[in-house]
Amino acid sequence: FGGFRRTSERLTDNLTGLFTRSTLDRQTLDEIEEALIVSDLGPATAARVRDRLEDQRFERGLDEAGVRQVVSDEIVKVLGPVAAPLEIDAFPRPQVILVIGVNGSGKTTTIAKLARLFLEQDYGVMLAAGDTFRAAAIGQLKVWAERIGVPIMAGPEGGDAAGIVWDAVKQATATGIDVLIVDTAGRLQNKRELMDELAKIRRVLGRLNPQAPHDVVLVLDATTGQNALNQIEVFKEVAGVTGLVMTKLDGTARGGVLVAAAEKFGLPIHAIGVGEGMDDLKPFDPAELAEAIAG
Ligand code: GDP
């Protein structure tokens, strides 16, 4: 399954040694549970897998394929309900999508990928460079906008992010844009300032359209493992999160963190990033991830 290969290898490594045993005794169950936790699946899912294996062991004994099937089933049960692509259904237009996340999470790249996705669905797309704190962020977003062929509203470094967003909504409305994707600063080191800035963007948006922002999408780097869970917690508090995109699932052994995130927060997972290119965004498919994790 392409991008998920390493996720799969890791849990497979953790589990495989256990299958040389002939019985699913308490120690083996402990070790399976531990292997699932080490793979970032989260304690609740690991405990449920253990319970189900315990229920079944008298009937079936220890059978590698059976164990993997139980793991896969439990993962699908957790992830199935949260898999939800971003729908463009705002009226009036434009639908405003705020994209938030710490620097380096893949925020800018994900904005470009989302823009591509919506363009392919024949929506008119515009970007707004609301991360005015970093000159590089503005420059990078401009490069993506040009490469993809979408308009962008940007100002100078250190400019007023809310002002950019105001101008962007005005222009998007005037030109019949369907989707406005807004980049934001990712300075989690300065929570107070970030919170104020995001609140100001929200106020400005709300004045133009009480429903905006329609979506607040948090971008998370899967390679940060459990740290991603802390980021959800903090961003929920400072920004109000409506959904997630998990990036870098091509280069990580930590796809399991999606399960832990779904278990803990129940937020919609819109898509996953599986590479650095603008087409490397995939719809989130719980069965595929479950199979990749369970091996
Ligand atoms: P930002 O600081 O959050 O805006 O992050 P960027 O979009 O600049 O991404 C940071 C780095 O991660 C860049 O080198 C991107 O090419 C890379 N990146 C982003 N998404 C993915 C992904 O899904 N897979 C991989 N392998 N790299 C990614």
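The structure reproduced in this document is the subject of the present report. Within each chain, residues carry numbers counting from 1 in the order of the written sequence. Since the coordinates come from a predicted model, pLDDT governs what is reported: local features require at least 70, and pairs of side-chain atoms require 80 or more to be given and counted, while whole-chain, interface and lining totals use all residues. To get the side-chain values, take all heavy atoms of the structure and skip hydrogens and water.

## Overview of the overall build of the protein
Point 1. What counts as a helix is a DSSP run of H or I of at least four residues, what counts as a strand is a run of E of at least two, and both are numbered from the N terminus. The number of helices and strands found in the protein is 11 helices and eight strands.
Point 2. Atoms considered for the radius of gyration are the C-alpha atoms alone. The globule rule reads 2.2 Å times the number of residues to the power 0.38. A compact globule built from 295 residues would reach a C-alpha radius of gyration of about 19 Å, and the protein, at 21 Å, matches this within 12%.
Point 3. Taking the principal axes of its C-alpha atoms as reference, the protein extends roughly 70 × 40 × 30 Å.
Point 4. Every one of the 295 residues in the protein was classed for burial, and the buried ones make up 52%.
Point 5. Looking at the protein alone, contacts between residues at least 24 apart form 77% of all its contacts between residues at least 6 apart. Any residue under 20% of the maximum accessible area for its type is buried, any over 50% is exposed, and the rest in between are partly exposed; the area is computed with a 1.4 Å probe on protein chains only. When checking whether two residues touch, look at their non-hydrogen atoms; a contact exists if any pair is within 4.5 Å.

## Quick look at the pattern of salt bridges
Two side chains with opposite charge may pair up if their charged atoms get near one another.
Point 1. A pair is scored as a salt bridge if a Lys or Arg side-chain nitrogen falls within 4 Å of a carboxyl oxygen belonging to Asp or Glu. In this structure the tally under the stated criterion is 22 salt bridges.
Point 2. A salt bridge links Asp196 to Arg192, with the nearest nitrogen and oxygen atoms 3.3 Å apart. With Asp196 and Arg192 both in helix α8 (residues 191-208) and four residues apart, this pair spans about one turn of that helix.
Point 3. Classification of Asp196 as partly exposed rests on a relative accessible area of 43%.
Point 4. Members of the salt-bridge network, linked through shared partners, are Arg48, Arg52, Asp73, Glu74, Lys77 and Glu263.

## Side note on the site of the ligand
Point 1. If you check the shell around the ligand, you find 18 residues, and the closest are Gly104, Thr108, Thr109, Asp250 and Glu276.
Point 2. In the model, an oxygen atom of the ligand is placed 3.3 Å from a nitrogen or oxygen of the Lys113 side chain.
Point 3. In protein, a polar contact requires one atom able to donate a hydrogen and another able to accept it; more generally it is a pair of N or O atoms within 3.5 Å, and residues adjacent in sequence count only if both atoms are side-chain atoms. Between the ligand and Gln140, the relevant distance is 3.0 Å, taken from an oxygen atom to a side-chain nitrogen or oxygen of the residue.
Point 4. Alone, the ligand offers 580 Å² of accessible surface; in the complex the protein occludes 80% of this. Working definition: residue near molecule or strand if any one of its non-hydrogen atoms lies within 4 Å of it. The protein chains shown are the only cover counted for residues, whose accessible areas, like all others here, come from Shrake-Rupley with a 1.4 Å probe.

## Section: the sheet that holds strand β7 (residues 269-273)
The strands making up a sheet are joined through hydrogen bonds of the backbone, oriented either antiparallel or parallel.
Point 1. Taken together, eight strands build an open sheet; the order of strands is β3-β2-β4-β1-β5-β6-β7-β8 and the sheet is mixed. Either end of the sheet is taken by a strand with one partner, and the two such strands are β3 (152-153) and β8 (281-283).
Point 2. Each pair of strands is called paired provided DSSP finds at least two bridges between the two strands. The sheet contact formed by strand β5 (residues 215-221) and strand β6 (residues 243-247) spans five bridges and is parallel. When the bridges of β6 are listed, Val219 appears paired with Val245.
Point 3. To obtain an axis, a line is fitted to C-alpha atoms, over the contacting stretch when the element is a helix, and the angle between two such axes runs from 0 to 180 degrees between their N-to-C directions. Across the face of the sheet, helix α5 (residues 107-120) comes into contact with β1 (95-100), β2 (125-130), β4 (179-184), β5, β6, β7 and β8 while running at roughly 175 degrees to β4.

## Some thoughts on the packing of α8 against helix α9 (residues 227-239)
Point 1. Axis separation between α8 and α9 bottoms out at 9 Å; the angle between their running directions is 50 degrees. When the interaxial angle is binned, α8 and α9 end up oblique. Every residue of α9 that contacts α8 at Lys191, Leu194, Met195, Leu198 and Arg202 is listed here: Val234, Phe235, Glu237, Val238 and Ala239.
Point 2. Each residue is assigned to one of three groups, with Ala, Val, Leu, Ile, Met, Phe, Trp, Tyr, Cys and Pro labelled nonpolar, Asp, Glu, Lys and Arg labelled charged, and all others, Gly among them, labelled polar. Of the residues assigned to the contact of α8 with α9, the class counts are seven nonpolar, no polar and three charged. What sets the label is the angle itself: under 35 degrees gives roughly parallel, over 145 gives roughly antiparallel, 65 to 115 gives roughly perpendicular, and the rest give oblique.

## With respect to the nonpolar core
Point 1. Residues belong to one nonpolar core when they are buried, are Ala, Val, Leu, Ile, Met, Phe, Trp, Tyr or Cys, and are joined through side-chain atoms within 4.5 Å. Counting 74 residues, the largest nonpolar core has Leu79 and Ile232 as its most contacted members.
Point 2. Ile97, Ala112, Phe118 and Val245 belong to the second largest nonpolar core, which has 25 residues in total.

## Side note on the packing of helix α4 (residues 64-79) against helix α11 (residues 286-294)
Point 1. One way to put it is that α4 packs onto α11 with a least axis distance of 8 Å and a crossing angle of 145 degrees. With respect to the hand of their crossing, α4 and α11 are arranged in right-handed fashion. The residues of α11 that touch α4, namely those facing Arg68, Val71, Ser72, Ile75, Val76 and Leu79, are Pro286, Ala287, Leu289, Ala290, Glu291, Ile293 and Ala294.
Point 2. For the contact of α4 with α11, the residue count by class is 10 nonpolar, one polar and two charged. The handedness criterion is simple: a crossing whose near helix is rotated anticlockwise from the far helix by less than a right angle is left-handed, and one whose near helix is rotated clockwise is right-handed.

## Digging into α11
Point 1. The complete set of buried residues in α11 reads Pro286, Leu289, Ala290, Ala292, Ile293 and Ala294.
Point 2. Of the residues that open α11, the one with a side-chain oxygen 3.1 Å from the backbone nitrogen of Ala287 is Asp285.
Point 3. The first or second residue beyond α11 is Gly295, which carries a positive phi of 80 degrees.

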